[in-house]
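Single-letter residue listing:
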Amino acid sequence: MALIPVTILTGFLGSGKTTLLKHILTEQHGKKIAVIENEFGEENIDNDILVQDNQENIVQMSNGCICCTIRGDLVEALNTLWEQRRDKKISFERVVIETTGVANPGPVAQTFFMDDDVADHYVLDAVITLVDAKHGQHQLNEHEEAQRQVGFADQIFITKTDLVTPAEVDALRSRLMHMNPRAPIQGISKGIVPLDAVLDLKGFNLNAKLDIDPHFLEQEDHDHDHSTCGHDHSQDHHGHAGHTDRIQSFVFRSDKPFDHKKLEDFLGGILEVFGEKMLRYKGVLYVKGSKHKVVFQGVHQMMGSDMAGLWGTEAKQTRMVFIGIDLPKDTLLAGLEGCLA
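Calculation rules
Residues numbered from 1 in each chain as written. Predicted model: local features only at pLDDT ≥ 70, side-chain atom pairs only at ≥ 80, totals over all residues. Heavy atoms only, no water. Helix = DSSP H or I, 4+ residues; strand = E, 2+ residues; numbered from the N terminus. Buried < 20%, exposed > 50% of the residue type's maximum accessible area, 1.4 Å probe, protein only. Polar contact = N/O pair within 3.5 Å; in protein donor to acceptor, adjacent residues only side chain to side chain. Contact = heavy atoms within 4.5 Å. Core = buried A, V, L, I, M, F, W, Y, C linked by side-chain atoms within 4.5 Å. Patch = residues over 30% accessible without salt bridge, like charges linked within 9 Å, V, L, I, M, F, W, Y side chains within 5 Å. Areas by Shrake-Rupley, 256 points an atom, 1.4 Å probe, with all protein chains shown as cover. Salt bridge = Lys/Arg side-chain N within 4 Å of Asp/Glu carboxyl O. Lys, Arg positive; Asp, Glu negative; His and termini not counted. Charge placed at Lys NZ, Arg CZ, Asp CG, Glu CD. Axes fitted to C-alpha atoms, helices over the stretch in contact; angles between N-to-C directions. Parallel < 35°, antiparallel > 145°, perpendicular 65-115°, else oblique. Left-handed = near helix turned anticlockwise from the far one by under 90°. Nonpolar A, V, L, I, M, F, W, Y, C, P; charged D, E, K, R; others polar.

Participant: What exactly am I supposed to notice about the side chain of Arg-94 here?
Facilitator: Within the secondary structure layout, Arg-94 lies in strand 5 (residues 94-98). Residue class for Arg-94 comes out buried when judged on its relative accessible area of 9%. Within polar-contact distance, the side chain of Arg-94 engages the side chain of Asp-200 at 3.2 Å. Among residues more than four places away in sequence, those in contact with Arg-94 are Ile-4, Pro-5, Lys-31, Lys-32, Ile-33, Ala-34, Leu-199 and Asp-200.

Below is the structure:
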């Protein structure tokens, strides 16, 4: 039986998660979606799109979706949904989890790797983060939870863009890009988003596709050859109005191959020391002696790697991005340099 894809929908209080969720649930898309909604959310799904409440925790939605309010542990909610699906009491083909506005999405994401029952039935597709254009800068300044939500994102939507100037949107976009260069950023209005921008993003797939904004890579030190060394491209552009974000990112690129053993030992040590501070990381690696690309990614201390396709005629190059809290970037970059063959 195929694994059920799961999307985590996160964002700080007032960012528009429920508005987006309503759009997904009321759109006539023909998809069968189970929604797990945290009961501490700032707004519940409107009753006018609910049908009969047949069970205490599970509600049938008007377009065939299912809504499950968390009253216990997330693992228990996921397992209950799966058992009812297995017993043909309910039918769904994917799950969307709406977190509370102050939630750290890290533990939610880790659930899909740490619990065997959950991992046997579900696969984490992506973390979608919403940021309010009007209040986002202030929330990022004041609340580390808001920064963590951005750091974990596979896709970022800037909401309420109609309430601010284009210059303010651009400033927020630039800040978000430097916090998380691997997540595409898109402005939306009134929660209207094409479903293919939310579902089946495969943000947690181990594959050889690593999207990093090209402008982010090019805007520092134009006279320096980034293709042959690791370099911190984020610099201090995250300082807005004198504020420094704790969630930061850095990119490492090299045309030289890694020594596999050195890299394995280095990453193992880094995860042991800084694992809790490393929110998301992903890379396509050029490894000495291998004709194949090696891809890896991780969340905190949990890292996976796999062989991908052949390099072929493509230029062999390592590309890695790390997103974390107060990471010692100079130390990490120097360590990666030391792992090159």
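Still more ground to cover, so stick around.
Participant: What is the right way to read the environment of Arg-280 from this model?
Facilitator: Mapping Arg-280 onto the fold places it in strand 11 (residues 278-285). Given a relative accessible area of 1%, Arg-280 falls into the buried group. In the structure, Arg-280 is positioned 126 residues away from Asp-154 in sequence and 9.6 Å away in space, judged by C-alpha atoms. A polar contact is formed between the side chain of Arg-280 and the backbone oxygen of Phe-152, at a distance of 2.7 Å. Within the local environment of Arg-280, its side chain forms a polar contact with the side chain of Asp-154, the two groups lying 2.9 Å apart.

Participant: I keep staring at the nonpolar core and nothing clicks. Help me out?
Facilitator: Within soluble globular proteins, side chains that are nonpolar generally end up buried alongside one another. The biggest cluster of nonpolar side chains holds 54 residues, and the ones touching the most others in it are Val-95, Phe-112, Tyr-122 and Leu-176. Per-element accounting of this core gives the leading share, 6 residues, to helix 2 (residues 74-86). Beyond its immediate chain neighbours, meaning those up to four positions away, Val-95 contacts Ile-4, Pro-5, Val-6, Thr-7, Ala-34, Ile-36 and Tyr-122. Formed by 22 residues, the second largest nonpolar core is a distinct cluster that contains Met-278, Val-294, Leu-327 and Leu-340.

Participant: Just to check I follow, could you spell out a negative patch on the surface for this structure?
Facilitator: Among the surface-exposed residues, Glu-83, Asp-116, Asp-117 and Asp-120 lie close enough to one another that they form a single negatively charged patch. Within the secondary structure layout, Glu-83 lies in helix 2.

Participant: Help me out: how do you make sense of the packing of helix 2 against helix 3 (residues 105-114) in this one?
Facilitator: When two helices pack together, you describe them by how their axes are tilted relative to each other and by the distance separating the axes. At a minimum axis distance of 10 Å, the contact between helix 2 and helix 3 shows a crossing angle of 55°. By the angle class used here, helix 2 and helix 3 are oblique. You can see that helix 2 and helix 3 cross each other, and the crossing is right-handed. Each of Leu-74, Val-75 and Leu-78 in helix 2 lies in contact with helix 3, whose residues at this interface are Val-108, Thr-111 and Phe-112. For the contact of helix 2 with helix 3, the per-class residue count stands at 5 nonpolar, 1 polar and no charged.

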